[in-house]
There are 2 protein chains.
Amino acid sequence: MDIRFEKSLKLKEKIKDENKLGFGTYFTDYMFLMDYDEKNGWNDPRIVPYGNIEIQPSAMGLHYGQTIFEGLKAYKNDGKVYLFRADENFKRMNESNDRLCIPPVDEEFMMEALKKLIDIERDWVPDSKEASLYIRPFIIATEPKLGVHPSDSYLLMIILSPSGPYYKDGLAPMKIYVEDKYVRAVKGGIGTAKAGGNYAASLKSQIEAEENGYFQVLWIDGVDRKYVEEVGSMNIFFVTDDGIITPELNGSILSGITRKSIIELLKAEGQKVVEKKIAIDEIMDLHKKGKLLEVFGTGTAAVVSPVGELFYNGEKVVINNGEIGKVSQHLYDELTDIQWARKKGPEGWQIEV
Amino acid sequence: MDIRFEKSLKLKEKIKDENKLGFGTYFTDYMFLMDYDEKNGWNDPRIVPYGNIEIQPSAMGLHYGQTIFEGLKAYKNDGKVYLFRADENFKRMNESNDRLCIPPVDEEFMMEALKKLIDIERDWVPDSKEASLYIRPFIIATEPKLGVHPSDSYLLMIILSPSGPYYKDGLAPMKIYVEDKYVRAVKGGIGTAKAGGNYAASLKSQIEAEENGYFQVLWIDGVDRKYVEEVGSMNIFFVTDDGIITPELNGSILSGITRKSIIELLKAEGQKVVEKKIAIDEIMDLHKKGKLLEVFGTGTAAVVSPVGELFYNGEKVVINNGEIGKVSQHLYDELTDIQWARKKGPEGWQIEV
Ligand SMILES: Cc1ncc(COP(=O)(O)O)c(C=O)c1O
Ligand SMILES: Cc1ncc(COP(=O)(O)O)c(C=O)c1O
């Protein structure tokens, strides 16, 4: 398919101070769009000036949550622009699509489209330290009908947001609230998909955690209410005296691409990493015995994010004296070096645009 | 607040054959809109010509499922138009809002707004047997920002869709598939809210049930995987030799207004109705002992909908010989008589516009 390009008559002023960018607030000059209908499949791929979209009030995506999204970044180093494992994002997009009954996209075509868009917008990729271009592909159901049924038409978009460093004052440990009241997702549900409904379910918990001075929540499973799942927008790892452990992909958590990359990096270094069911009590116990050395989250936004404190069931657990641990720091450095292509990464991870 | 009115320059042609209306496909000439922002609260209520809305691609509602909706109907009888317990819908809207971190609406003002809209559109309320005007209030988060956080701005809309009879060929028993693979919602999640994510989670199950010749699914709870919850868009009741039972409001099912009304009607008639935890095995057992007399679903769309067959775990259970039972028929007649105001209902149920 040819990608149609519509030139913008007026380009925006770029934000000079990249430290002030924040996250997901500013958008570039162009966006990618593609339609789906039953007769033509995915069609009319186009790069057009960034702007509002028109939608019918009865569009199914506005009512029945038939929406999915992805999140990844473009990194600039020495004038060159890189994507990090973007093929994994389009693979996961199709997994989300499958769960939400949205027709699959052609993953190779999506890569081509993304590269073309990034190429046009390469000046928008920030080049100050730890700033990057956040990329948000997403799909919404557009059939104008109120029956609860998969839509017969969709809109796919990619929008781009230059974003500042996640940690304005450098890597810093976060305080995490272990959520024992609300549940994000459960096996048999849509927890493995990057679908709006999972995030909607998280808002109230997030707010309450913030009110108590915590940065994000750590979800516990909805069935036994005792196994650790993931953090708001990160997967979670525990460094113990006997290797590193992380919750297995159990059918309710998101399969993070950072998670996968960290596991692969650790294994390549010959370290012991085990994916398994982890009870929150096991973590509390490890801590009591002095065997919980570090805790960190992994995700596209924060890369590797050390946890300095866990609050669970009335108890505050300070980890590694609230300081960044060696393993966390090492993995953060390693992964960001690869993402910014300061160092050669494993085959296929760095995609130059 | 004054409701602004913008007149349409051209009214639509109405659909003559009301049997052909279907559900949620056609929309009337006008819609109600209202905005929310942190400074002004809910503001600028307006009734304007029905048409597309403009939305920013980064609007939170398109990404993080921060959307809720309601569903109710207006009924015409002898030229007069009635709403059925609409106050309950706005009460439930606020319950959904609370769970999804959406600011509450003024329930009385919403009633006033709805009445004004229906008054303008009264000609659109179908008057053929069992056809009605379906009313869809909904709210979407509009803040143009990609952080996962409650939005600081919202759009509330009410759109109206003239809809045909649910049963084109008269009340008929439906075949229901008991879902033992997928889960709709779980305690601690958003199952009690009328939020998009719950319906997104149901699509795949619904499709698979249809492929097997079933009309809708009966959800089983996500924790123990054995307690009956509700049907796709209905609550469920079982008529036994020892009274009528229905799942209790357990924190994961929707509190249906039809459910509530049926319980109240039955109690007023002196019948035994018990809200409790009901294991699917209990139902299978009652059936084997010949003690399961009828099963029916309740919801705004279908009113009271008899179940003729349940499929569970490889077993087909035919209920009441696949025929409409006495209790189901009686409740259907009773409730529709009240909704269409052919009969006087309990205080406050019938709201004339
Ligand atoms: C719920 C959730 N878990 C985990 C992650 C981490 O995934 P990734 O490493 O692919 O960014 C994310 C995404 O950002 C997420 O939203
Ligand atoms: C999941 C679900 N359960 C039950 C119902 C029935 O609720 P009500 O009787 O208020 O229409 C609905 C709504 O239509 C629903 O969507």
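Cut-offs applied
Residues numbered from 1 in each chain as written. Chains lettered and ligands numbered in written order. Predicted model: local features only at pLDDT ≥ 70, side-chain atom pairs only at ≥ 80, totals over all residues. Heavy atoms only, no water. UniProt positions renumbered as here; feature names shortened; annotations may be inferred. Buried < 20%, exposed > 50% of the residue type's maximum accessible area, 1.4 Å probe, protein only. Contact = heavy atoms within 4.5 Å. Phe/Tyr/Trp six-rings, centres within 6.5 Å; stacked < 30°, edge-to-face > 60°. Helix = DSSP H or I, 4+ residues; strand = E, 2+ residues; numbered from the N terminus. Buried area = accessible area lost by both parts, 1.4 Å probe. Salt bridge = Lys/Arg side-chain N within 4 Å of Asp/Glu carboxyl O. Polar contact = N/O pair within 3.5 Å; in protein donor to acceptor, adjacent residues only side chain to side chain. Patch = residues over 30% accessible without salt bridge, like charges linked within 9 Å, V, L, I, M, F, W, Y side chains within 5 Å. Areas by Shrake-Rupley, 256 points an atom, 1.4 Å probe, with all protein chains shown as cover. Lys, Arg positive; Asp, Glu negative; His and termini not counted. Charge placed at Lys NZ, Arg CZ, Asp CG, Glu CD.

### Focus on the UniProt feature "modified residue: N6-(pyridoxal phosphate)lysine" (unreviewed entry) in chain A
All names here are of chain A. Mapped onto the present numbering, the UniProt feature "modified residue: N6-(pyridoxal phosphate)lysine" (unreviewed entry) falls on Lys194. A relative accessible area of 11% means that Lys194 is categorised as buried. Lys194 has contacts with Ile68, Phe69, Glu70, Gly71, Arg92, Ser96, Tyr199 and Leu254, leaving out every residue within four places of it along the chain.

### A closer look at the packing of aromatic side chains
Evaluation of the coordinates by the stated rule reveals 30 aromatic pairs over all chains. Taken together, a centroid distance of 5.4 Å and an interplanar angle of 20 degrees make the contact between Tyr177 of chain A and Phe311 of chain A stacked. Of this pair, Tyr177 of chain A sits in strand β10 (residues 174–179) while Phe311 of chain A sits in strand β17 (residues 303–312), and the two are 134 residues apart along the sequence. Centroid distance Phe237 of chain B to Phe296 of chain B: 5.1 Å. Interplanar angle 10 degrees. Geometry classified as stacked. Placement of Phe237 of chain B in strand β13 (residues 235–240) and of Phe296 of chain B in strand β16 (residues 292–299) is noted, with a sequence separation of 59 residues between them.

### A word on the interface of chain B and chain A
In this complex, chain B contributes 59 residues to the contact, which on the side of chain A involves 59 residues. Note on chain B versus chain A: buried area summed over both sides is about 5,100 Å², and carbon and sulfur give 64% of it. Three residues stand out in chain B for area buried against chain A, namely Pro57, Leu62 and Leu203 of chain B, and they jointly supply 13% of the buried area on that side. Along the contact surface separating chain B from chain A lie two salt bridges. Across the contact surface, chain B and chain A share 20 residue pairs in polar contact (both at pLDDT 80 or more). Contributing elements (two or more residues each) for the side of chain B that touches chain A: β4 (53–55), α1 (60–63), β5 (67–69), α2 (86–99), β8 (132–141), β9 (153–163), α4 (196–200) and α5 (203–211) of chain B.

### Concerning a positive patch on the surface
On the surface, a cluster of positive charge is made up of Lys187, Lys226 and Lys277 of chain A together with Arg225 of chain B. Residue position: Lys226 of chain A is located in the loop between β11 (216–220) and β12 (228–231). Its relative accessible area of 37% is what places Lys226 of chain A among the partly exposed residues.

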